[in-house]
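Chain by chain, the residues:
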Amino acid sequence: MNDQKGKRFEECHNSDFFELAEKEVGTSNQKRDFDISLQCNFKREMAVLFGFPLAYCDRRETLYFDESGNRHSVNAKGGCLNIMAQPDDVFVLGGVQTEDRIDVADFLKEISYMRNQELKSTQYFKGEFGDVLRKEHAKRFLEYVLNHGLHVHYKMVQLLYFGFVDIVDSVCKDMERNLLLKEALYKVLCEELSDTVKLFVRYKYPDVPKDKGGEFLAKIVSKIDRYVRAHGMSSIMSELRNLIRKGESKNELVFIQDELRDVWVGEFWPFYLDRIGAFPNKCLIFDNEDSVRNHLSKYRILNNGKEIVYSFGDSKTEAMILASDLTVGLLRKFFIFVSKGCPGMDDWTPDQNGNFKLLMKWLALSRRYNPLFAEYTCCISLRNQIERMIGFEDPL
């Protein structure tokens with residue numbers, strides 16, 4: 001089954017679902033109804049398209065969530081990126097699935113964390129991915145989740161890729177090709193990132209003036225030409241160049257006009273709506289992130305008129321939210337490691353290889369339990385490489 005179909009909906013940010021979510025909240029103190037049945041139905045259609053029974057969507061089970069890599073926004077206000085964004089930077093929203101209620105003290109004891117301060121993944125899994133795999137407590141955590149039958153679920157977003165995709169969507173309607181074109185454009189724009197920032201600021205991206213759209217795309221073509229001179233021409237790069245050239249004559253570039261100037265990726269709380277839309281019939285328990293809770297509390301989330309129930313918990317009292325914090329922290333390091341080309345992997349020690357195999361086993365078992373538990377918004381080659389390492393050749 002072709003996994004390129006329908007990805008436009010997943011990857012939108014400054015338009016469609018994410019734009020609507022940001023506009024729906026408004027400033028009123030009264031809760032407003034926000035029906036996300038379109039998102040819910042889309043996720044179900046994708047499950048059917050890939051041959052998965054709807055039971056994976058509807059099965060009653062409890063998902064705990066935390067996040068890692070929330071930059072709050074990626075913007076170029078003031079003429080430079082507000083964060084030190086690198087091409088490999090990712091955001092992960094996910095955690096664990098389990099029906100067991102486990103005491104926090106018992107959980108900490110089993111993973112051998114005996115310190116007085118609150119446990120955070122930034123300290124428990126400190127260092128680069130390879131460094132983490134050297135440590136005994138990485139083994140203890142992975143053995144714990146495997147022995148207790150926990151499953152991992154996640155949504156991974158490659159931030160700069162997410163900030164660039166609307167350019168392709170503004171000029172390409174072919175859903176069979178645009179994932180490859182998006183990756184090609186991503187490579188071009190990341191090649192000289194500081195130059196890309198200057199270009200985008202000059203044309204107020206993603207609020208490119210209507211009389212400057214053709215000029216902006218012509219500058220993108222120039223960047224493609226420089227990239228080709230350095231790396232050689234490929235068929236997909238040639239296709240991208242021709243597509244952008246044709247786009248220069250378009251009167252409207254719908255996804256990169258009339259948006260918030262210099263904001264490449266807006267606030268991250270709509271990703272929580274995405275997870276609610278993916279699993280409206282499950283019990284969803286999110287970590288108590290104040291900014292997310294404040295946004296979501298402003299309206300009732302509906303699916304075909306019926307309110308979707310979700311809740312928030314605290315890692316101090318919910319062991320599985322604490323486990324979710326460790327999970328997404330470790331996953332983010334893994335995804336960044338893969339996006340960098342798996343540096344040093346050939347020289348790993350037996351301990352590193354052993355812990356890596358435990359992680360891949362956990363991810364594979366979780367995918368077999370529910371293949372909808374993994375979702376990516378990133379370059380297709382990165383997604384495919386991650387899936388191959390896990391043992392799945394046909395990613396969602």
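Before any of the text, the structure's been laid out above.
Remember, predicted model here, so these are calculated numbers, not experimental data.

Rules behind the numbers
Residues numbered from 1 in each chain as written. Predicted model: local features only at pLDDT ≥ 70, side-chain atom pairs only at ≥ 80, totals over all residues. Heavy atoms only, no water. Helix = DSSP H or I, 4+ residues; strand = E, 2+ residues; numbered from the N terminus. Buried < 20%, exposed > 50% of the residue type's maximum accessible area, 1.4 Å probe, protein only. Areas by Shrake-Rupley, 256 points an atom, 1.4 Å probe, with all protein chains shown as cover. 1 Å grid on protein atoms, 1.4 Å probe; cavity = no way out; pocket = protein on both sides within 12 Å on 5 of 7 lines; lining within 4 Å. Points joined across faces, edges and corners; volume = space filled by probe spheres on them. Pairing = 2+ DSSP bridges. Nonpolar A, V, L, I, M, F, W, Y, C, P; charged D, E, K, R; others polar. Core = buried A, V, L, I, M, F, W, Y, C linked by side-chain atoms within 4.5 Å. Salt bridge = Lys/Arg side-chain N within 4 Å of Asp/Glu carboxyl O. Axes fitted to C-alpha atoms, helices over the stretch in contact; angles between N-to-C directions. Contact = heavy atoms within 4.5 Å.

## Remarks on the overall build of the protein chain
- Counting its regular elements, the protein chain contains 18 helices and 11 strands.
- Each of the 396 residues in the protein chain was classed as buried or not, and the buried ones make up 57%.
- Working note: accessible area of the protein chain is about 16,900 Å², and carbon and sulfur atoms make up 47% of it.

## Things to note about the layout of surface pockets
- Within this model, the largest pocket holds a volume of roughly 580 Å³.
- In terms of lining residues, the largest pocket is bounded by 32 residues, among which Ser68, Gly329, Arg332, Lys333 and Ile336 are the most central.
- Counting residues per element, the ones that place at least two in the lining of the largest pocket are β2 (62-68), α6 (121-124), α7 (129-133) and α16 (319-339).
- The element contributing the most residues to the lining of the largest pocket is α16, with 6 residues.

## A short note on the pairing of strand β7 (residues 283-287)
- With 4 of 5 residues buried, β7 is to be regarded as a mostly interior element.
- Where β2 meets β7, 4 bridges bridge the pair, whose relative direction is parallel. Its bridge partner being in β7, Leu63 is matched across the sheet by Leu284.

## Section: empty space enclosed by the protein
- Applying the stated rule across the entire model yields 2 cavities of 30 Å³ or more.
- Around the second largest cavity sit Lys210, Gly213, Gly214, Gly247, Lys250, Asn251, Glu252, Leu253 and Gln257, which together line it.
- Of the residues contributing to the lining of the second largest cavity, the split by class is 1 nonpolar, 5 polar and 3 charged.

## Observations concerning the nonpolar core
- Phe107, Phe216 and Trp264 are the most contacted members of the largest nonpolar core, which has 131 residues in total.
- It is α16 that contributes the most residues to this core, 14 residues altogether.

## Quick notes on the pattern of salt bridges
- For the structure shown, the criterion picks out 26 salt bridges.
- Ionic pairing is found between Glu61 and Lys282, a salt bridge with its closest N-O pair at 2.7 Å. Of the two residues, Glu61 sits in the loop between α4 (55-58) and β2 while Lys282 sits in the loop between α14 (270-278) and β7, which places them 221 residues apart along the sequence.
- For Glu61, a relative accessible area of 3% puts it in the buried group.
- Among the salt bridges present, the one from Glu215 reaches Lys212, with a minimum N-O distance of 3.8 Å.
- On the basis of relative accessible area, Lys212 is assigned to the partly exposed category, the value being 33%.
- If you follow the salt bridges from partner to partner, you end up with Lys43, Lys155, Asp274, Arg275 and Glu375 in one network.

## Observations regarding the sheet that holds β2
- Pairing in this open sheet of 6 strands is mixed, and the strands run β10-β7-β2-β4-β5-β11 from one edge to the other. Every interior strand has two partners, whereas the edge strands, β10 (310-313) and β11 (374-377), have only one. Each strand of the sheet is rotated relative to its neighbour by a mean of 20 degrees, with strand direction disregarded.
- Relative to strand β5 (residues 151-158), strand β4 (residues 90-97) runs antiparallel, the two being bridged by 8 bridges. If you follow Val90 over to β5, its bridge partner there is Gln158.
- Along the sheet face, α14 touches β2, β4, β5, β7, β10 and β11 and points at about 135 degrees away from the line of β5.

## What about the sheet that holds strand β9 (residues 306-307)?
- Taken together, 3 strands build an open sheet; the order of strands is β1-β8-β9 and the sheet is mixed. Unpaired on one side and paired on the other, β1 (32-35) and β9 mark the two borders of the sheet.
- Taken together, the 4 bridges between β1 and strand β8 (residues 299-303) define a ladder with parallel strand orientation. Looking across to β8, one finds that Asp35 is bridged to Leu302.

## Overview of the side chain of Ser324
- Its location among the elements puts Ser324 in helix α16.
- Excluding residues within four positions of it along the chain, Ser324 makes contact with Tyr64, Phe65, Asp66, Gly94, Gly95 and Val96.

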